[in-house]
Amino acid sequence: VTRVLDAIAFDGDDTLWHNEGLFSMTQERFRALLADWVSPEELDARLLETERENVAVYGYGVKGFTLSMIESAIEVTNGNVDADTIYRILSFGKDQLRHPVELLPGVEATIDALAGRYRLMLITKGDLFDQESKIARSGLADHFDVIEVVHEKEPDIYRRVLRRNTIDPAQFLMVGNSVRSDVLPVLELGGRAALVPYHLTWELEVAEPPREHDGYWELEHISQVPELVARLDGDG
Ligand SMILES: [Mg+2]
């Protein structure tokens, strides 16, 4: 019997562990730091615009975010921001990078339920050093057959990852919290995708979910993945 699925891949940030909440916390500190210069709304707008421009230069992650905060601080203060404030911004970034990795509820049980029965993959996007460090600290690394840190989640990059691991897209399921990164590019390749939304979504990740698609499911919780997989493979 040929099973429908061969490999199941999980996204990392906000799928296996909390992430966006840490960015929100850092941004809250950034707002408070510059409160004498600029309103929170104005600062948020300036920062988002800076991030939008800088993602193409620095890639995703906390380091790029820190540089974007510094750039925004220089702009909103017309170049008057002092070294101590820049130093504080750098320390906000370091605090975020060193923050403990907190797994989302149900993650370990879900991975355990699937391990050994499918090729399990972790496909995470962002800064290599930070992602490797989070994977190590998550305690989950040993559960995955394949770990890939990519700089962007586009169809061509997924295609390369699947080819390198000799996985047929038709037998591949991606599980993640981002429509833009974890769902749309995988469906474009002919793979399947399950969205498990996180309560916060970074504005640059927002996208319309597919309307109707045979290979797309929206789940409430990651612990529903084994049930979906069993249903797909007709043994549950
Ligand atoms: Mg994510």
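Everything below is about the structure shown above.
Just so you know, these numbers come straight off a predicted model, no measurement behind them. (Residues numbered from 1 in each chain as written. Predicted model: local features only at pLDDT ≥ 70, side-chain atom pairs only at ≥ 80, totals over all residues. Heavy atoms only, no water.)

### A closer look at helix H6 (residues 128-138)
Among the residues making up H6, those that are buried are Asp130, Gln131, Lys134, Ile135 and Ser138. Taken around the axis of H6, the buried residues stretch over an arc of 135°, which confines them to a single face. In this structure, H6 carries Phe129 and Ala136 as exposed residues pointing more than 90 degrees from its buried face. Looking at the buried residues of H6, the elements they touch are helix H3 (62-76), helix H4 (83-98), strand E2 (119-125) and strand E3 (146-150). Immediately downstream of H6, the backbone of Gly139 shows phi near 75°, a positive value. (Buried < 20%, exposed > 50% of the residue type's maximum accessible area, 1.4 Å probe, protein only. Helix = DSSP H or I, 4+ residues; strand = E, 2+ residues; numbered from the N terminus. Arc of directions from axis to C-beta. Contact = heavy atoms within 4.5 Å.)

### Focus on the coordination of the magnesium ion
Coordination sphere of the magnesium ion, protein contribution only: Asp11 (OD), Asp13 (O) and Asn177 (OD1), at 2.1 to 2.2 Å. Summarised as a motif, the one-chain spacing of the donors to the magnesium ion is D-x1-D-x163-N. Note that Asp11 is positioned in the loop between strand E1 (7-10) and helix H1 (20-33) and Asn177 in the loop between strand E4 (172-176) and helix H8 (179-188), a separation of 166 residues in sequence. Pair check on accessibility: Asp11 and Asn177 agree, each one buried. (Donors = N, O, S within 2.8 Å, 3.2 Å for Na, K, Ca; no water.)

### Side note on the packing of aromatic side chains
Applying the stated criterion across every chain yields a total of three aromatic pairs. Arranged with centres 5.0 Å apart and planes meeting at 75°, the rings of Phe23 and Phe65 form a pair that is edge-to-face. Note that Phe23 is positioned in helix H1 and Phe65 in helix H3, a separation of 42 residues in sequence. Residue Phe23 shares its accessibility class with Phe65, and that shared class is buried. (Phe/Tyr/Trp six-rings, centres within 6.5 Å; stacked < 30°, edge-to-face > 60°.)

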